[in-house]
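Topology and contacts: notes
Here's the letter readout for the chains.
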Amino acid sequence: MIYPIVKLGDPVLETPAQPVTVFDDELRKLIADMFESMYAAHGVGLAAPQIGISKRLVVIDVTFNEDPHAKLVLVNPEITHLEGKQTGQEGCLSIPEFREQVTRAKRATIRAQDAEGRWYEKPGEDLLARAFQHETDHLNGRLYISHISALKRDLMKRKIRKLVRAGEW
Ligand SMILES: [Zn+2]
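This one's a predicted model, so the numbers in the text were calculated from it and none came from an experiment. (Residues numbered from 1 in each chain as written. Predicted model: local features only at pLDDT ≥ 70, side-chain atom pairs only at ≥ 80, totals over all residues. Heavy atoms only, no water.)

1. Details of the sheet that holds strand S3 (residues 72-83)
To keep things clear, this is the line we draw: Think of it this way: DSSP has to see at least two bridges between two strands before they count as a pair. To qualify as a helix, a DSSP run of H or I must reach at least 4 residues; to qualify as a strand, a run of E must reach at least 2; elements of each kind are numbered from the N terminus. The convention used is that axes are lines fitted to C-alpha atoms, helices contributing only their stretch in contact, and that angles between N-to-C directions extend from 0 to 180 degrees. Note on definitions: a residue-residue contact is assigned when non-hydrogen atoms from the two residues lie within 4.5 Å.
If you trace the five strands from one edge of the open sheet to the other, you get S1-S2-S3-S6-S7, paired in antiparallel fashion. The two strands at the open ends of the sheet, each matched to only one other strand, are strand S1 (45-47) and strand S7 (119-125). The average angle at which neighbouring strand axes cross in this sheet is 35°, direction not considered. Inspection of the sheet shows S3 paired to strand S6 (residues 107-113) by six bridges, in the antiparallel sense. The residue bridging Glu78 from the neighbouring strand is Arg111, located in S6. Contacts between helix H1 (residues 25-40) and the sheet are confined to S1, strand S2 (57-60) and S3, with S2 contributing the most and set at about 45° to the helix.

2. A look at the coordination of the zinc ion
Note the threshold: Here the coordinating atoms are restricted to nitrogen, oxygen and sulfur within 2.8 Å of the metal centre, or 3.2 Å for Na, K and Ca, and because water is not among them the sites may look incomplete.
Here the zinc ion is held by the protein donor atoms Cys92 (SG), His134 (NE2) and His138 (NE2), which lie 2.0 to 2.3 Å from it. Mapped onto the sequence, the donors of the zinc ion take the spacing C-x41-H-x3-H. Remark: His138 and His134 occur in helix H2 (residues 127-139); sequence separation between them is four residues, near one turn of the helix.

3. A closer look at the pairing of S6
Heads up, the rule is: Three exposure classes are used, based on accessible area relative to the maximum for each residue type with a 1.4 Å probe and protein chains only: buried under 20%, partly exposed in between, and exposed over 50%.
Most of S6 sits out of view: five of its seven residues are buried. Pairing geometry for S6 and S7, over seven bridges, is antiparallel. Of the residues in S7, the one forming a bridge with Ala108 is Gly124. Hairpin connection, S6 to S7: the antiparallel pair is bridged by five residues, and Gly117 has positive phi, about 95°.

4. Remarks on the packing of aromatic side chains
Any pair of aromatic rings gets described here by the distance separating the centres and the angle formed by the planes. Our working definition: Under the pairing criterion, centres of Phe, Tyr and Trp rings, with the six-membered ring standing for Trp, must be within 6.5 Å; the plane angle then separates stacked pairs below 30 degrees from edge-to-face pairs above 60, leaving the rest tilted. Distance and angle both matter: a charge sits over a ring if NZ of Lys or CZ of Arg is within 6 Å of the ring centre and within 35 degrees of the ring normal.
For the coordinates displayed, the defined rule picks out two aromatic pairs. Geometrically, the ring pair formed by Phe35 and Tyr39 is stacked, given 6.1 Å between the ring centres and 25° between the ring planes. Of this pair, Phe35 and Tyr39 are both found in helix H1, four residues apart, which corresponds to roughly one turn of the helix. Seen in terms of ring centroids, Phe98 and Trp169 are 6.3 Å apart; in terms of plane orientation they differ by 70°. Their pairing is edge-to-face. Residue Phe98 is located in the loop between strand S4 (86-90) and strand S5 (100-104), and its partner Trp169 is located in the segment after helix H3 (150-165); the two are separated by 71 residues in the primary sequence. Taking NZ or CZ as reference, Lys71 lies 4.6 Å from the ring centre of Phe35, over its face. Across from the ring centre of Trp119, 4.0 Å away, lies the NZ or CZ of Arg111, which sits over that ring.

Here it is in structure tokens:
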């Protein structure tokens with residue numbers, strides 16, 4: 001099932017999400033639906049709050065469904081290590097059509113549970129490190145625009161308000 005993606009302006013995106021405590025078929029169905037929704041939207045990462053579900057759950061695939069081993073499920077993830085710096089274009093499925101330069105750590109390690117509840121740790125760099133940071137931010141009610149200048153953010157919000165008024169958001 002493909003979920004519609006919630007857009008900037010919906011309070012769920014700015015609310016810290018709740019931990020996942022039950023690892024059952026319902027969770028696994030939600031994870032499968034999140035992958036489907038992410039691929040349909042041409043994204044490389046999707047956090048549950050982006051489909052209106054305030055749970056600490058993320059799916060990532062930086063290969064766009066090319067490599068089945070690249071499919072990552074992050075339940076209750078935390079970043080345990082950050083290192084270096086990278087600056088590059090970043091976008092978000094919840095803020096469609098906008099992109100900004102964002103500086104992030106070049107390498108990031110996450111600790112998370114898989115769909116069965118088993119803890120694992122995984123290091124990532126470049127795009128994967130960026131995805132770890134962007135998606136865990138979502139679970140803390142934070143969007144990438146909090147990492148850009150206030151001036152750029154205000155400009156973006158003004159453009160979005162215009163789109164909302166025009167019924168195009
Ligand atoms: Zn996002």
